[in-house]
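# Examining the three-dimensional arrangement
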Protein chains: 2
Amino acid sequence: MRRGPFIAGDWGTSNLRLWLCADDGTVLDRAEGPGVAAATGRLETVFLYATGTWRAAHGPLPTLMCGMVGSTIGWVEAAYHPCPADVRSLATGLTRFTAAGTEIAIVPGLSTRTALDAPDVMRGEETQILGVLASRPELAEGHHLLCLPGTHAKWALLNDGRVENFQTGFTGELFALLRQHSVLGRGTDGLQPQVGPAFTLGVERALSGISLSHLLFQARSRQLLDGMNAQDALSFLSGLVIGGDVAGGLAMMAGLPDTPVILVASPALIQSYQAALSVAGRGGIGLDGGDLALAGLLSIRAATLAGNL
Amino acid sequence: MRRGPFIAGDWGTSNLRLWLCADDGTVLDRAEGPGVAAATGRLETVFLYATGTWRAAHGPLPTLMCGMVGSTIGWVEAAYHPCPADVRSLATGLTRFTAAGTEIAIVPGLSTRTALDAPDVMRGEETQILGVLASRPELAEGHHLLCLPGTHAKWALLNDGRVENFQTGFTGELFALLRQHSVLGRGTDGLQPQVGPAFTLGVERALSGISLSHLLFQARSRQLLDGMNAQDALSFLSGLVIGGDVAGGLAMMAGLPDTPVILVASPALIQSYQAALSVAGRGGIGLDGGDLALAGLLSIRAATLAGNL
């Protein structure tokens, strides 16, 4: 990328977030727009509309974006980069094209082969991970386990600043399905899972090695037989699902030092994951997920400038 | 119950099935009606309407029913009987009342405490299990593991003809949720899971001890990275869910002889479970679930007559 003002963008499934930046990365302005799911088929139009004022003022602005904008339903497909990957390999692997005179570069997603040769993918989180590394340089040395909870939780194993491997937990989507569409969610309208004894019980059971399929129904049978109320049943269910996610994530660290897990999420999710990790005898350090995508995009841009890419 | 013609009924969540029987159990006529979910609040009316012709011909007919008719949303609540339980304890535990001059008895559900003191319940399946024992008297000796797959799969450990313990797998409902409401079901309209290599791979992974939450997303990533088609992804997903159910069920037999699992289900489900059990190194014997509820009700009636209950 060339020097001067530029646009950084995080275009995910649900939201478009754009930053107009000065050459040194200072944010001059922000804009938002519809996610890839809503804008699919007309991403160029949406982008040009959202950035019209900036381009009128500055002329064509080089643009660096991450997220689902590079998926098959995005703007231009950016192939997955296989692990291990670091900021330099992502900067080298940018997909570049031109739209209305604007040079656009899209960050590749990451692919990996996890335990038993299973494939896994992420798109967008690789840039957030670079943002974490930018704000926490001490994580660029040694092994660290990062967890980005959400609809599809991403657990990434860092080794000396590279993403060595990662795994996806179907955590947020599974909980939403069970709550909204299953018999286990009955009577929980308006309730939110709480971190407390029922949540902890769910985590303990999920960590016990019993098959999740044989644990879920307890969210109902404990109400029928043990007088558990709907609030506690919901918290128990959350504990089961988050506990299963933690069990899967910690398995990636087998044989490595018991360093605390770095949790990148909202305060509520950080609290839940810290509680679940604590049941597993592990610490968790919470980081606000705020503008990590922007921080990661700035790292990638710096790498392109440094490497003359 | 007294001698003479009688009505046997299996009134579940979705269906009412009624049989008019001669004193020796011969079926004289059959009738059907709406399940408890659709009929809730007016079960007496539905019952009297469905049996009107029979009662007009024979006078008030003693009636023995099992299933959700005894639940909190049923007709009259029949408390759960704790395990261990056999035909005699169920016959002793009938809930009796009179409606429009008709003596009605409802079979209790079963409750248990499984591993780690978790509560579990069944309602209706206890009677089907008695039906299995009536048709397979050799199962009334020693330990046997029965599996009744379905929305909520029930795994029952028999010991000398008693239900010693049981566990519920959230299997059918979980698969339906994932298929109908999650990103993993995309593109699978009109497809059915098949027993083949993709199914077997799912079962193997589910039996590997990896957290289900970290396996589910592979139904998508294998399509994105490995060119797996939607048909195979659906079969893989089915293998994950059924494999998790089998892992949970077989854990109940730890330390007991490796006898084949008795599978009570439709031919398609029997095939899937046999394939999954085979991956786990276990045999499975299929039994048609046909009129097992009726056979179980006849056993309970015989016990009431023999025991003068």
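This text goes with the structure placed above it.
The text that follows walks through the structure, step by step, so that each part is easy to find. Just so it is clear, the structure is predicted and the values come from calculations on it, not from any experiment. (Residues numbered from 1 in each chain as written. Chains lettered and ligands numbered in written order. Predicted model: local features only at pLDDT ≥ 70, side-chain atom pairs only at ≥ 80, totals over all residues. Heavy atoms only, no water.)

### Thoughts on the overall build of chain A
To keep things clear, this is the line we draw: In this description a helix means any DSSP run of H or I spanning at least four residues, a strand means any run of E spanning at least two, and both kinds are numbered starting from the N terminus. Just to be clear, the radius of gyration here is over C-alpha atoms, and the globule rule we use is 2.2 Å times residues to the power 0.38. Each residue's exposure class comes from its accessible area (1.4 Å probe, protein chains only) as a fraction of the maximum for that residue type: buried when under 20%, exposed when over 50%, partly exposed otherwise. Only four residue types enter the tally: Lys and Arg on the positive side, Asp and Glu on the negative side; His and the chain ends are excluded. Taken as the charge centre is NZ of Lys, CZ of Arg, CG of Asp or CD of Glu, depending on the residue.
Counting secondary structure elements, chain A contains 12 helices and 14 strands. A compact globule built from 309 residues would reach a C-alpha radius of gyration of about 19 Å, and chain A, at 21 Å, matches this within 12%. Expressed as lengths along the three principal axes of its C-alpha atoms, the size of chain A is roughly 70 × 40 × 35 Å. Across the 309 residues that make up chain A, the buried fraction comes to 55%. Of the side-chain charges in chain A, 20 are positive and 26 negative, and the distance between the mean point of each set is 3 Å.

### Notes on the sheet that holds strand E8 (residues 110–114) of chain A
All names here are of chain A. What counts here: Paired strands, in this sense, are two strands between which DSSP finds at least two bridges.
One open sheet holds the 3 strands; their spatial order is E5-E8-E9, and the pairing between them is mixed. The open sheet has two edge strands, strand E5 (81–82) and strand E9 (118–122), and neither has a second partner. Bridge count for E8 against E9 is 5 bridges, and the pairing is antiparallel. Each bridged residue has a counterpart across the sheet, and for Arg113 the counterpart in E9 is Pro119.

### Quick word on the interface of chain B and chain A
Cut-off, in case you're wondering: In this analysis, two residues are considered to be in contact whenever any of their non-hydrogen atoms come within 4.5 Å of each other. The quantity reported as buried area is the accessible area (1.4 Å probe) lost by two parts once they are put together, taken as the sum for both. One speaks of a salt bridge when a side-chain nitrogen belonging to Lys or Arg is within 4 Å of a carboxyl oxygen belonging to Asp or Glu. Polar contact is the term for a pair of N or O atoms within 3.5 Å; when the atoms are in protein, one must be able to donate a hydrogen and the other to accept it, and sequence-neighboring residues count only if both atoms are side-chain atoms.
Taken together, the contact pairs 45 residues of chain B with 45 residues of chain A. Counting the surface chain B buries against chain A, the share from its top three residues, Phe170, His214 and Phe217 of chain B, is 19%. Connecting chain B to chain A are 2 salt bridges. The tally of links from chain B across to chain A stands at 18 residue pairs in polar contact (both at pLDDT 80 or more). Elements supplying a minimum of two residues to the side of chain B that touches chain A: strand E8 (110–114), strand E9 (118–122), strand E11 (153–159), strand E12 (162–169), helix H6 (171–181), helix H8 (213–216), helix H9 (218–226) and helix H10 (230–250) of chain B.

### Quick notes on helix H10 (residues 230–250) of chain A
Because each turn of an α-helix spans 3.6 residues, side chains separated by three or four positions end up pointing in the same direction. Rules: Each helix should span, by expectation, one fewer than its residue count multiplied by 1.5 Å.
Here H10 of chain A is 21 residues long and its end C-alpha atoms lie 30 Å apart, about the 30 Å a rise of 1.5 Å per residue gives. The opening residue of H10 of chain A is Asn229 of chain A, an N-cap whose side-chain oxygen sits 3.3 Å from the backbone nitrogen of Gln231 of chain A.

### Focus on the packing of aromatic side chains
Our working rule: Stacked, edge-to-face and tilted labels apply to pairs of Phe, Tyr and Trp rings (six-membered ring for Trp) whose centres lie within 6.5 Å, assigned for plane angles under 30 degrees, over 60, and everything in between, in that order.
Using the criterion set out here, one finds 8 aromatic pairs over all chains in the structure. Centre to centre, the rings of Trp75 of chain A and Phe97 of chain A are 5.2 Å apart; their planes meet at 70°, and the pair counts as edge-to-face. One end of the pair, Trp75 of chain A, is in the loop between strand E4 (63–66) and E5; the other, Phe97 of chain A, is in strand E6 (residues 95–99), with 22 residues separating them in the sequence. Grouping residues by exposure puts Trp75 of chain A and Phe97 of chain A together as buried. On the basis of an interplanar angle of 80° and a centroid distance of 6.4 Å, the ring pair of Trp11 of chain B and Trp75 of chain B is categorised as edge-to-face. Residue Trp11 of chain B is found in strand E1 (residues 6–11), and its partner Trp75 of chain B is found in the loop between strand E4 (63–66) and strand E5 (81–82); the two are separated by 64 residues along the sequence. On the basis of relative accessibility, which here comes to 0%, the residue Trp11 of chain B falls in the buried class.

### Description of the nonpolar core
To keep things clear, this is the line we draw: Residue types Ala, Val, Leu, Ile, Met, Phe, Trp, Tyr and Cys, when buried and joined through side-chain atoms within 4.5 Å, form a set referred to as a nonpolar core.
Core analysis: the largest hydrophobic core is formed by 44 residues, its most contacted members being Leu178 of chain A together with Leu178 of chain B. If you list the elements that add at least two residues to this core, you get helix H6 (171–181), helix H7 (197–207), helix H8 (213–216) and H10 of chain A together with H6, helix H7 (197–207), H8 and H10 of chain B. Among all residues touching Leu178 of chain A, those that are not within four sequence positions of it are Leu184, Gly185, Leu216, Leu237 and Val241 of chain A together with Phe170, Leu174 and Leu177 of chain B.

### Some details on the packing of H9 of chain B against H10 of chain B
Residues and elements named next belong to chain B. Quick reminder of the rule: In this analysis an axis means a line fitted to C-alpha atoms, helices contributing only their contacting stretch, and an angle means the value between N-to-C directions, from 0 to 180 degrees. Geometric relationships in this document are graded by angle, where less than 35 degrees denotes roughly parallel, more than 145 denotes roughly antiparallel, 65 to 115 denotes roughly perpendicular, and other angles denote oblique. Should the near helix be turned anticlockwise from the far one by less than a right angle, the crossing is left-handed, and should it be turned clockwise, the crossing is right-handed. Ten residues, namely Ala, Val, Leu, Ile, Met, Phe, Trp, Tyr, Cys and Pro, are considered nonpolar, four, namely Asp, Glu, Lys and Arg, are considered charged, and the remaining ones, Gly among them, are considered polar.
Viewed as axis vectors pointing N to C, H9 and H10 meet at an angle of 155°, and their least axial separation amounts to 9 Å. In terms of orientation, H9 lies roughly antiparallel with respect to H10. As H9 packs across H10, the resulting crossing turns out to be right-handed. Of H10, the residues touching H9 (which contributes Gln218, Ala219, Arg222 and Gln223) are Ala230, Ala233, Phe236 and Leu237. Considered class by class, the residues forming the contact of H9 with H10 number 5 nonpolar, 2 polar and 1 charged.

### A short note on the environment of Gln271 of chain B
All names here are of chain B. Looking at where Gln271 falls in the secondary structure, it is placed in helix H11 (residues 267–279). Taking relative accessible area as the criterion, Gln271 reaches 45% and is therefore assigned partly exposed. Through-space distance from the C-alpha of Gln271 to that of Val76 is 37 Å; in sequence the pair is 195 residues apart.

### Notes on the sheet that holds strand E2 (residues 15–21) of chain A
Residue and element names in this part refer to chain A. Strand order in the open sheet formed by 6 strands is E3-E2-E1-E4-E7-E6, and the pairing between neighbours is mixed. This sheet does not close on itself; its edge strands, each paired only once, are strand E3 (27–34) and E6. Between one strand axis and the next, the sheet turns through 20° on average, direction left out of account. Bridging between strand E1 (residues 6–11) and E4 involves 4 bridges; their strand directions are parallel.

### Let's talk about the relation of the copies chain B and chain A
This is how the line gets drawn: Copies are brought into register by a least-squares superposition over C-alpha atoms of residues with pLDDT of at least 70 in both.
Rotating chain B by 180° and translating it 0.0 Å along the rotation axis places it on chain A, where the RMSD comes to 0.0 Å. Read as a symmetry element, the transformation amounts to a two-fold axis. When the interface residues of chain B are mapped onto chain A, 100% of them are again interface residues, pointing to one common binding face.

### As for the pairing of E8 of chain A
Residue and element names in this part refer to chain A. For E8, the buried fraction is high: 4 of the 5 residues fall into the buried class. Judged from the 2 bridges that link them, E5 and E8 form a sheet pairing that is parallel. Each residue of the ladder has a partner; that of His81, found in E8, is Leu110. Following E8, the chain reverses through 3 residues before pairing antiparallel with E9; Leu116 in that reversal takes a positive phi of roughly 60°.

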